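Close look at the chain arrangement
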Amino acid sequence: MWASLLEEIPRFFTYYNLIFLLQAGARTIGLSAIGCIIGFVTGFFLAIMRVSRGRSFLPIRLFSINFVEFFRRVPFLVTLMLVFFICQAANLQFSVFTVSMITVCLIASGFIAEIVRAGIESVNVTQWEAADVLNFTLAEKLRLVIIPQAWKVILAPVFSFFLSFIKDTALASQIGVIELTYSGKVLNNKGFSAILVFGTILIMYFIISYPLALFGRWMERKFAISKH
Amino acid sequence: MLFLVGGWRENLPYLSIENVVASYKDDIPVLAGVGFSIEKGEIVSLIGPSGSGKSTLLRVLVGLTKPKSGRVVIDGVPIGYANKKVLREARDRFAIVFQQYNLFQNMTALRNVTVAPLKVKKRNPREVEKEAIALLEKVGLGDKLHAYPDELSGGQQQRVAIARALALKPDILLLDEITSALDPERINEVLDTIRILAKEGITMLIISHEMAFVREVSSKVVFMDEGKIVEIGRPEEILDHPKTTRARDFMAKILRH
Amino acid sequence: MHYTIHFSQVLKYIPYLIGGAWLSFQIAFLAFCGGMVIGLAGAIAKTYGNRVLQVLVNGYVTFFTNTPQLVQIYFIFFGLPQFGIVLSSYETVLVGMTLNAGAYATEIQRAGFLSVRRSELEAAETLGMSFLQSVRYVILPHLSKTLYPPFSNLYIIMTLGTSMAAIFGVEELTGRAFNVDAITFRPVEIFSITAGLYILITIAASFILLYLGRWLFRVKGKVF
């Protein structure tokens, strides 16, 4: 078996296959990165909606809570299927890539909203009160006092979420998006040995993820030192 | 007729607190009907054991805690704490300095002082900055304009908080135990600042445990216990010759150390 | 293509789906327990083991936490037969999830070990406690309190992770959802209900874990 494996290697690592794999890898990174960026923007607003107070803001608060909890408590695969079939039923002719992009953004918003909320709540209530008595509006409180202080608590967990999100995008393979996992299945179906194929895919995910993980740890240490 | 009306108005206290009731968790009343008045330029000190409701009263005045019943009247006009617009106007007239200074951690001392006049009152930036620098110099921090709160000592932070409160030119300054969180060496630098303000005739409501200081600056002392006012009088009366047993017990405990 | 929503056709399959949820629970629970055992062993190896052991455990943890669980399971599912080992889908998923969980559990446990402060151990020593006593009265309570939240979190994540077993044909909740779809062709309704079931399951799990934590270890926390 090992002999046949060794024999396969030159057949596997052809120029064409490598390009194929690299493109798939790029799609994986693209899905995760764009998902997290859009997820950050929407998650941010969802978190602000969540911390608003007062009766008139109740519907926004409830919407935010429900949205966030939904996408955090439903598995990626199920959300993906839901988005896929709803788009299909509504006759929106989106490509599988678009569908997975939508899914990825929705899920990322849910998780990042919670991270941002935790960051906002980490700011001592006395900062809110001091801004209150100086007659700041909610927007001014958030913009001038709360968010600048919440940043530090938000950035590291968001990056760490991005890291784990790269692995979650593997499930987008199930609707046919040609990302890294799907490319593995394609090559496996072509007849290459599973150990070779999926071993390579695993290593490629590792090459993407591990350096980013190290960068994340370095970033955390830098943040712990500097404060402003 | 007009003269009479004018004269009548002059006799109204500047700030009148009438029978204020407030509580945090519905059943436990922290303030059980508190009322007294402050004249313009008066310095009133609130003393009493912890938990007597002194801080709560200040929080009610500045709108951080909603009173269940009672009235607060400034210059003849009652403050409607439920109404947001009126609340903002009320907050314009009060400025509060907290026990824990509550400086904005992400801003320098100068910015802490200028942010409210600039962003909330939207005044001219150059004027605001000049005034802020003058205020910080007055409290003795002219050389720390660009320091962040975590680079300042407790006493310095407290003085920035005072400058920040004064930047909005309040009618009444509320001081909530501003020396209680400070190291003993730092207390005097803050008290000196208050002494300067006292001389300038700013109306103040002070909560303090520093009895010597209370005696020195106050025109009136209010002794509170368990959410009620027990005694009101001139400093010498309350501090040296308290009439009620509770006041006497309290003074005995304070003076022991 | 017109699609109208007809929940009525799908409602009768709900008991079937709930049966799938039970299987999901089994997988998550077994993999979690297995993962915890690996985690304990790994954390001990990493903290007290020799150099070689540390490198091995490090390698295992780093590899499994930087690669997707799905691909790990694919590797085992398609790769193991090449070694002559043939497992059922259920077993494959279980092995894959256990190995994955073990890596994360090792990290959580190790952080827990490191968090036991020297001062606590020294205090126990000066009070005359034997090693076993200090383990029982000082270390274990501290560890349980510190490790409970991250492990609860891991469990919830794993519960959601069981849904990928459907890809391999396991008839847990998501798998059964696919089956019902194949029969009724009403995917929107089915996956909505499935999503709803997962939400209910995780909320229930969160509450149970919360109250369990408060009762056993006096760990505070909230669900929303």
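Residues numbered from 1 in each chain as written. Chains lettered and ligands numbered in written order. Predicted model: local features only at pLDDT ≥ 70, side-chain atom pairs only at ≥ 80, totals over all residues.

For chain B, the count of helices and strands is 10 helices and 10 strands. In terms of overall dimensions, chain B is globule-like: its C-alpha atoms have a radius of gyration of 19 Å, near the 18 Å expected for 257 residues. Along the first, second and third principal axes, the C-alpha atoms of chain B reach 55 × 50 × 40 Å. A total of 257 residues make up chain B; the buried ones form 42% of that total. Across chain B, every contact between residues at least 6 apart in sequence was considered, and the portion connecting residues at least 24 apart equals 66%. (Helix = DSSP H or I, 4+ residues; strand = E, 2+ residues; numbered from the N terminus. Rg over C-alpha atoms; globule rule 2.2 N^0.38 Å. Buried ≥ 20, exposed ≤ 12 C-beta atoms within 10 Å, placed from the backbone. Contact = placed C-beta atoms within 7 Å.)

Each helix and strand counted, chain A has nine helices and zero strands in total. Shown N-terminal to C-terminal, the secondary structure of chain A runs as helices and strands in the order α-α-α-α-α-α-α-α-α. Along the longest, intermediate and shortest principal axes, the C-alpha atoms of chain A span 75 × 50 × 25 Å. Every one of the 228 residues in chain A was classed for burial, and the buried ones make up 44%. Put simply, of all contacts in chain A between residues at least 6 apart along the chain, 76% involve residues at least 24 apart.

Before going further, it helps to examine the interface of chain B and chain A. How big an interface is tends to be expressed through the accessible area that disappears when the partners come together. With 18 residues of chain B at the contact, the number on the chain A side is 16 residues. Elements with a minimum of two residues in the side of chain B that touches chain A: helix 3 (84-93) and helix 4 (109-120) of chain B. Per-element accounting of the side of chain B that touches chain A gives the leading share, four residues, to helix 4 of chain B.

Moving on, we get to the interface of chain A and chain C. With 33 residues of chain A at the interface, the matching set in chain C holds 31 residues. For the side of chain A that touches chain C, the secondary-structure elements that each account for two or more residues are helix 3 (58-73), helix 4 (76-89), helix 8 (180-189) and helix 9 (194-225) of chain A. The dominant element in the side of chain A that touches chain C, judged by the number of residues it contributes, is helix 9 of chain A, at 11 residues. A per-class count over the side of chain A that touches chain C returns 23 nonpolar, eight polar and two charged. (Nonpolar A, V, L, I, M, F, W, Y, C, P; charged D, E, K, R; others polar.)

A few words on the packing of helix 6 (residues 118-126) of chain C against helix 7 (residues 131-161) of chain C. Residue and element names in this part refer to chain C. One way to put it is that helix 6 packs onto helix 7 with a least axis distance of 10 Å and a crossing angle of 160°. Between helix 6 and helix 7, the interaxial angle falls into the category roughly antiparallel. Note that helix 6 runs across helix 7; the crossing there is right-handed. For the pair helix 6 and helix 7, contact is made by Glu120, Leu121, Ala124 and Glu125 and by Ser134, Val138 and His142, respectively. In the contact of helix 6 with helix 7, the residues fall into three nonpolar, two polar and two charged. (Axes fitted to C-alpha atoms, helices over the stretch in contact; angles between N-to-C directions. Parallel < 35°, antiparallel > 145°, perpendicular 65-115°, else oblique. Left-handed = near helix turned anticlockwise from the far one by under 90°.)

Put simply, side chains in a regular strand alternate between the two faces of the sheet. Residue and element names in this part refer to chain B. Burial analysis of strand 7 (residues 172-176) places five of its five residues in the buried class, which makes it a mostly covered element. Burial along strand 7 is two-sided: Ile172, Leu174 and Asp176 and Leu173 and Leu175, pointing in opposite directions, are all buried. For strand 6 (residues 94-97) and strand 7, the ladder comprises four bridges, and the chain directions are parallel. When the bridges of strand 7 are listed, Ala95 appears paired with Leu173. The parallel pair strand 7 and strand 8 (residues 203-207), bridged by helix 7 (residues 184-199), forms a crossover whose chirality is right-handed. (Pairing = 2+ DSSP bridges. Right-handed = clockwise from strand over helix to strand, strands pointing away.)

Ranking by contact count across two pairs of chains in contact places chains A and C at the top. One thing to see here is that chain B and chain C don't touch, and their nearest C-alpha atoms sit 21 Å from each other.

Another point: the sheet that holds strand 1 (residues 15-23) of chain B. Residue and element names in this part refer to chain B. Spatial strand order, 2-1-4-5: four strands in an open sheet with antiparallel pairing. Both edges of this open sheet fall to strand 2 (29-38) and strand 5 (77-78), since each of them pairs with a single strand only. Judged from the five bridges that link them, strand 1 and strand 4 (residues 69-74) form a sheet pairing that is antiparallel. Counterpart to Val21 in the pairing with strand 4 is Ser69. Sheet contacts for helix 2 (residues 54-61): strand 1, strand 2 and strand 4; angle to strand 2, the most-contacted strand, approximately 70°.

Time to look at the environment of Ile199 of chain C. Within the fold, Ile199 of chain C resides in helix 9 (residues 187-217). A residue is classified by how many C-beta atoms lie within 10 Å of it, and Ile199 of chain C, with 16 of them, is partly exposed. Distance from Ile199 of chain C to Leu160 of chain C, taken between C-alpha atoms, is 9.7 Å for residues 39 residues apart in sequence. The contact partners of Ile199 of chain C, leaving out residues within four places of it in the chain, are Phe70, Arg73 and Val74 of chain A.

Next up on the list: the environment of Leu180 of chain A. All names here are of chain A. Looking at the secondary structure, you find Leu180 in helix 8. Among the residues examined, Leu180 registers 30 C-beta atoms within 10 Å and is labelled buried. Separated by 10 residues in the primary sequence, Leu180 and Ala170 have C-alpha atoms spaced 7.1 Å apart.

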